[in-house]
Amino acid sequence: MSRVRTQMAGAVGSVLEWYDFAVFGFLAPFMGPLFFPDSDPVVALIQTYGVFAAGYLMRPLGGVIFGYIADRLGRPRALRWSIIMMAGPTVLVGLLPTYESIGVMAAALLILLRLIQGVSVGGELVTSITFLVEGAPRHRRGLHGSWALFGAVGGILLGSAVVATTEALISSEAMADYGWRIPFLLSVVIFVFGRWLRRALADEPINVGSKQETPLRQVLTRHPIDVLHLMACMLLFCGGFYTLFVWMPTYQSKVIPNPIDHAIDLNTLSMLVLVLLLPVGGLMGDRFGFRRMMLWGIGITGIGVYPLFLWIDTGSFLGALISGLIFALAISWVQGPMPAMLAHTFPRDIRNTGVGIAYNLAMGLFGGTAPMVCTWLINATGDIAAPAYYLLALAVISAVSLVTFQPGRGAGQEGADAVGST
């Protein structure tokens with residue numbers, strides 16, 4: 001199997017999985033009244049984002065399940081199984097009856113499908129990261145690892161573009177009636193292509209492990225501090241991305257006093273810039289050190305987030321455009337080098353499990369909840385710039401944690417080299 005096809009196979013599952021999660025976030029304003037009818041539209045929106053977050057709260061379980069599969073049965077098997085587990089629920093969301101048809105069962109079924117998707121997503125991205133980085137040349141691990149997030153952000157970009165195109169082609173009434181279903185149903189195309197790519201991956205020998213302990217037990221008993229420290233390093237990585245690129249169109253079109261026209265189009269442009277810059281961020285990590293690049297990105301975000309939010313709050317189209325591009329540059333420096341660092345913070349035989357637990361707990365607690373938290377903060381404080389303070393706090397914690405972070409015990413000098421100097 002060629003290197004190009006191998007890289008595509010490693011990244012394509014992330015396209016499907018994050019396409020769906022992004023589509024749900026973008027369509028929350030349409031789906032809220034259909035599944036959670038409430039006289040207060042803000043309450044309905046918060047409830048819908050709660051379902052969005054529920055899928056993320058299942059990610060740690062997915063990290064444990066697929067971590068075991070990847071560490072014991074091989075990365076390719078985990079990649080093949082995770083994409084199948086995601087495709088079915090994604091299509092079914094697009095076929096669900098609404099509250100008007102079956103009452104509260106509609107919300108219950110939606111939550112169930114999101115929970116199943118959360119388990120799958122919990123294993124997909126981390127396995128993709130380890131698969132790509134472990135097979136990369138030593139001097140190009142940043143670049144190769146960045147393709148995992150290229151696929152993930154590309155999926156979100158694709159979701160943004162599909163939602164924008166759907167909204168452009170049909171009326172607002174049709175969008176609320178049936179149009180919101182179309183992006184979910186189209187995910188079957190990505191699945192068929194991804195399944196074809198991954199069928200060609202050669203299985204790895206089954207690893208019974210040198211010890212009788214499961215990977216989960218080894219991580220929890222020998223590396224708990226490493227897990228917590230790695231989680232702290234990723235807070236802005238998780239919360240910042242979902243605030244600035246998934247929730248931002250809702251903020252610009254539904255929250256600020258002077259809504260910005262074409263908010264979803266602006267977001268699509270910003271994410272296109274982000275996805276193109278991710279491999280550049282990975283390459284710069286190879287050149288200058290992964291930790292140093294991430295600290296630069298965190299610093300730019302922390303310094304710029306409040307004034308940029310104030311500019312967006314004025315309803316300025318130019319302000320929204322320039323802010324989105326600045327955020328894209330800064331976040332690319334955080335996300336591009338991150339996979340290579342993650343893939344060398346635990347020994348290989350427990351790597352997927354260790355990174356999976358840390359990554360999915362951080363993403364579940366601070367990524368999937370970000371839209372709900374930001375919406376709640378504004379509603380509770382009356383300050384539409386409140387999310388900027390939240391992101392600033394995450395940036396400070398991430399920066400301090402990253403400066404003090406050391407590779408997990410057992411990762412050896414290779415792990416220290418991957419993290420790099422400040």
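Scroll up to find the structure.
Note that the coordinates shown come from a computational prediction; the quantities given were computed from them, not determined experimentally.

We now examine the overall build of the chain. Summing up its helical and strand segments, the chain has 22 helices and zero strands in all. For the chain, buried positions account for 59% of its 422 residues. The long-range share in the chain, meaning contacts at least 24 apart out of those at least 6 apart in sequence, stands at 85%. When the accessible area of the chain is evaluated, it comes to approximately 15600 Å², of which 68% is carbon and sulfur surface.

This part takes up helix α11 (residues 215-222). Within α11 the residues assigned to the buried category are P215, Q218 and V219. The buried residues of α11 occupy an angular sector of 95° when projected down its axis, which confines them to one face.

Our focus in this paragraph is the environment of P89. Relative to the assigned elements, P89 resides in helix α4 (residues 75-95). Along the chain, P89 and D20 lie 69 residues apart, while their C-alpha atoms are 9.8 Å from each other.

A few words on the packing of aromatic side chains. Inspection of every chain in the model, using the stated rule, returns 11 aromatic pairs. Consider the rings of F241 and Y242, whose centres lie 5.3 Å apart with planes at 85°: the pair is edge-to-face. Taken as a pair, F241 and Y242 share a single burial class, namely buried. Through successive ring pairs, a cluster of aromatic residues spans F35, W180 and F184.

We now examine the side chain of Q252. Secondary-structure assignment places Q252 in helix α14 (residues 248-255). With near-sequence residues (within four places) excluded, Q252 lies in contact with P259, I260, A263, L266, I312 and A320.

Right, let's talk about helix α3 (residues 59-73) for a bit. In a regular helix each residue adds 1.5 Å, so 15 residues correspond to 21 Å; α3 covers 20 Å between its end C-alpha atoms and thus fits that length. Those residues of α3 not exposed but buried are R59, P60, G62, G63, F66, G67, I69, A70, D71 and R72.

A word on the packing of helix α7 (residues 141-169) against helix α15 (residues 263-288). Following both chains from N to C, one finds α7 and α15 inclined at 175°, their axes separated by 8 Å at the closest point. Relative to α15, the element α7 is oriented roughly antiparallel. Of the residues that constitute the contact of α7 with α15, the class distribution is 17 nonpolar, seven polar and four charged.

A word on the nonpolar core. Proteins that are soluble and globular tend to have nonpolar side chains buried together. Core analysis: the largest hydrophobic core is formed by 109 residues, its most contacted members being M234, F241, F309 and Y359. Top contributing element to this core by residue count: helix α1 (residues 3-35), with 13 residues. Setting aside its immediate chain neighbours within four residues, F241 contacts V153, I156, L236, V246, M271, L274, I331 and Q335.

Looking now at the pattern of salt bridges. Across all of its chains, the model carries five salt bridges by this definition. For the salt bridge of E134 with R348, the shortest nitrogen-to-oxygen distance reads 3.2 Å. Within this pair, whereas E134 is found in helix α6 (residues 104-134), its partner R348 is found in the loop between α18 (338-342) and α19 (351-367), the two being separated by 214 residues in sequence. Judged by its relative accessible area of 26%, E134 falls in the partly exposed class. Two residues, E134 and R351, come together in a salt bridge whose shortest N-O distance is 2.9 Å. Here the residue E134 occupies a position in helix α6, and R351 occupies one in helix α19, the gap between them amounting to 217 residues. Taking the relative accessible area as the measure of exposure, R351 reaches 8% and is therefore buried. Each member of the salt-bridge network shares a partner with another, and the members are D71, R75, E134, R348 and R351.

A positive phi angle, close to 60°, is found at H262, a residue other than glycine. On the secondary structure map, H262 appears in the loop between α14 and α15.

Quick notes on the rules
- Residues numbered from 1 in each chain as written.
- Predicted model: local features only at pLDDT ≥ 70, side-chain atom pairs only at ≥ 80, totals over all residues.
- Heavy atoms only, no water.
- Helix = DSSP H or I, 4+ residues; strand = E, 2+ residues; numbered from the N terminus.
- Buried < 20%, exposed > 50% of the residue type's maximum accessible area, 1.4 Å probe, protein only.
- Contact = heavy atoms within 4.5 Å.
- Areas by Shrake-Rupley, 256 points an atom, 1.4 Å probe, with all protein chains shown as cover.
- Arc of directions from axis to C-beta.
- Phe/Tyr/Trp six-rings, centres within 6.5 Å; stacked < 30°, edge-to-face > 60°.
- Expected span 1.5 Å × (residues − 1).
- Axes fitted to C-alpha atoms, helices over the stretch in contact; angles between N-to-C directions.
- Parallel < 35°, antiparallel > 145°, perpendicular 65-115°, else oblique.
- Nonpolar A, V, L, I, M, F, W, Y, C, P; charged D, E, K, R; others polar.
- Core = buried A, V, L, I, M, F, W, Y, C linked by side-chain atoms within 4.5 Å.
- Salt bridge = Lys/Arg side-chain N within 4 Å of Asp/Glu carboxyl O.

Just distances and angles here, no functional claims.
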